[in-house]
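The chain contents come next:
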Protein chains: 2
Amino acid sequence: MSSLTDLKTSFQKTEKASLKPLMDIVVQDLEDTNQIILDRMHSDVELIPTLARHLIAAGGKRLRPVLTLGAAKLCGYEGDRAKKLAACVEFIHTATLLHDDVVDESDLRRGNETANALWGNQASVLVGDFLFSRSFQLMVEDGSLEVLRILSNASAVIAEGEVLQLMNVGDISLTEDKYYEVIGAKTAALFTAACEVGAVVAERPEAEVKALADYGTNLGIAFQLIDDALDYSAEQASLGKTIGDDFREGKVTLPVLLANRKGTPDEQNFWKRVIEQSQTKSDLDTALALIEKYGTIADTFAAARKYGTAAKEALGIFEDSPVKSALLSAVDFAIDRAY
Amino acid sequence: MSSLTDLKTSFQKTEKASLKPLMDIVVQDLEDTNQIILDRMHSDVELIPTLARHLIAAGGKRLRPVLTLGAAKLCGYEGDRAKKLAACVEFIHTATLLHDDVVDESDLRRGNETANALWGNQASVLVGDFLFSRSFQLMVEDGSLEVLRILSNASAVIAEGEVLQLMNVGDISLTEDKYYEVIGAKTAALFTAACEVGAVVAERPEAEVKALADYGTNLGIAFQLIDDALDYSAEQASLGKTIGDDFREGKVTLPVLLANRKGTPDEQNFWKRVIEQSQTKSDLDTALALIEKYGTIADTFAAARKYGTAAKEALGIFEDSPVKSALLSAVDFAIDRAY
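Cut-offs used in this document
- Residues numbered from 1 in each chain as written.
- Chains lettered and ligands numbered in written order.
- Predicted model: local features only at pLDDT ≥ 70, side-chain atom pairs only at ≥ 80, totals over all residues.
- Heavy atoms only, no water.
- Contact = heavy atoms within 4.5 Å.
- Buried area = accessible area lost by both parts, 1.4 Å probe.
- Salt bridge = Lys/Arg side-chain N within 4 Å of Asp/Glu carboxyl O.
- Polar contact = N/O pair within 3.5 Å; in protein donor to acceptor, adjacent residues only side chain to side chain.
- Helix = DSSP H or I, 4+ residues; strand = E, 2+ residues; numbered from the N terminus.
- Nonpolar A, V, L, I, M, F, W, Y, C, P; charged D, E, K, R; others polar.
- Least-squares fit on C-alpha atoms with pLDDT ≥ 70 in both.
- Buried < 20%, exposed > 50% of the residue type's maximum accessible area, 1.4 Å probe, protein only.
- Expected span 1.5 Å × (residues − 1).
- Arc of directions from axis to C-beta.

(A) Representation of the interface of chain A and chain B within the structure. Between chain A and chain B, the residue contacts involve 39 residues of the former and 39 residues of the latter. Of the roughly 3,400 Å² buried at the junction of chain A and chain B (both faces included), carbon and sulfur atoms supply 75%. In this structure, the connection of chain A to chain B is made through 0 salt bridges. Counting every contact that joins chain A to chain B gives 6 residue pairs in polar contact (both at pLDDT 80 or more). Elements represented by at least two residues in the side of chain A that touches chain B include exactly α3 (47–56), α5 (81–103), α6 (115–142) and α7 (145–168) of chain A. Counting residues per element, the side of chain A that touches chain B draws most heavily on α7(A), at 14 residues. Partitioned by chemical class, the residues of the side of chain A that touches chain B number 21 nonpolar, 10 polar and 8 charged.

(B) The arrangement of the relation of the copies chain A and chain B in detail. Structural alignment of chain A on chain B gives an RMSD of 0.0 Å, achieved by rotating through 180° and translating 0.0 Å along the axis. Such values leave the two copies arranged in the relation of a two-fold axis. Comparing interface residues between copies, 100% of those in chain A also sit at the interface in chain B, which points to an isologous, same-surface contact.

(C) Just the side chain of His99(B), in detail. Along the polypeptide, His99(B) turns up in helix α5 (residues 81–103). The class for His99(B) is buried, based on a relative accessible area of 3%. Reaching out from His99(B), the side chain makes a polar contact with the side chain of Asp129(A) at a distance of 2.7 Å. Other than its neighbours up to four places away in sequence, His99(B) contacts His99(A), Val125(A), Asp129(A), Ser124(B), Val125(B), Gly128(B) and Asp129(B).

(D) Structural context of helix α13 (residues 265–276) of chain B. Residue and element names in this part refer to chain B. Spanning 12 residues, α13 covers 16 Å between terminal C-alpha atoms, matching the ideal 16 Å at 1.5 Å per step. All buried positions along α13 are accounted for by Glu267, Phe270, Trp271, Val274 and Ile275. The buried residues of α13 occupy an angular sector of 110° when the element is viewed end-on, so they sit on one face. Among the exposed residues of α13, those oriented more than 90 degrees off its buried face are Pro265, Asp266 and Asn269. On the buried face of α13, the contacting elements are α11 (245–248), α12 (254–262) and α14 (283–293).

(E) View of helix α14 (residues 283–293) of chain A. Residues and elements named next belong to chain A. Of the residues making up α14, those classed as buried are Asp283, Leu284, Ala287, Leu290 and Ile291. Axial view of α14: buried residues confined to an arc of 125°, hence all on one face. Across from the buried face of α14, at angles greater than 90 degrees, the exposed residues are Asp285, Glu292 and Lys293. Against the buried residues of α14 lie α11 (245–248), α12 (254–262), α13 (265–276) and α15 (296–314). Where α14 ends, the next residue or the one after it, Gly295, has phi of about 55°, a positive value.

So this is what it looks like as structure tokens:
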């Protein structure tokens, strides 16, 4: 597994998507970042690199580190620090994926068996802990307390968001506000930090740091809204991904929340039963039909577009440039992607 | 749950033990540390403080933070930083306990049901992640990159040790060297860091930092050796603790490793079967009898004493003082404790 192979995989995944302009701009930095990732996920305890590689080299889009590299470039940063910090961001993301495998019993991720399915809960937890620790070791090497502050805060918020989500499972009365609170914490917080760090290494004024943080936050919320929509999308099955994971777990996401709100009393009783009590084999089809009936996938995409627009507007203070255009089309990628 | 109640619990646990001199010296600092712990484990996500309190306020001996406070005192440090860093050390320890609950299916810890048994794997993982992140947030507030370096390194080594232990489960051919490698990483590394940090905040010369680190390392190894011996000690049952946890998990610890080495061919076949293949109800009694026959609990205590002596010798460069004597008797506590 070389960083180049790794990079190729990233490209194959993104060639047709509008993430490509950004990928093209950061390609050299990303290759260096991939090398740092591969070098620093090493441990003499063989299971660690083996299991980490399973996720890190599984052809992920490297979206978060790419955002760190892109944000730094937008701020005119030319040094090496952003590459190492982009690796930190990816390590934190990978640690949360490993711990998510314990959190929900998802059987497929990117069409692969999860690390958990292959090595069990214990290995997923511990290797996640290692990558999380390794991320902080890299930040210490970088030596910026401000970066350590941003990413330790993000990590705490992510954990809070995941716990909040866990507490909300099986509760059909979840409000839209609570739903956005969860995705803002569990997903957007790392997008925010990834972009913010890019501006911080460039030592830009507070206004630009905040603008990039806002860009990341809104992009992250849009990204999660699309994820939640895709979990009810037929297209997903064709990509070897299970659909209905959230449904089976009793996780209330926007498509369900809206379908329940718009539903008839009978339909609301259906949602209450399947989310709060028990499910039968045919319930997912019924759920998909109700989501189709009320067009709540479209509603969810519309909400994502709203946040996508806010993400683009946040970059308004920056002068036009190829990097800025690339960051703007990365927003379209997050919304138009089919995976 | 006030910090005072919390502190009382600590005392009840240690009154008769030789940890008391050290507890008496750090009592005021420890009360402040307990308050920091209670304040900073707070989150608006209620499950987090609820679950964290279950472990943190479960009457633990606070051994690691007490070592940080004691080490700082030995170095003549009088400021407030040690209290906050002692809380960091306890948060990291608590996070590893929560993740251990996922790692092994232990049903009892300090006679309580584990957080895991009460709230499940997912909550244990996520609240552990929160406390781990919170610990790094506190270190960032403290502002010492050296402290961040020491504790992020320790966290990575702990995770490596836990993974190594996981890989060694069910392998009766585990060597003594590998066994010490595991306990040095999963347990001693945090003792080392806890003591080292105390010297670092006091800004003492490298020789004293290293002396306290060596003290912590040897104390930590002795502490784990005793834990591994106690898992085969009848006395434990009377304290509401299960015994034979390691045995049931196929975890090869020193008492078993030595009993197997000294055993007859038939006895070695027994150990191979119970560790590597399957166990029947009566196997634990047979194991206890063989451990008794070869006196390997006594051997394990003897090994612990050897490391305890090394821990005491490490403090040789410090002039005699009440704090030094207290740290020396803390070593005896680690070895003589029945829990």
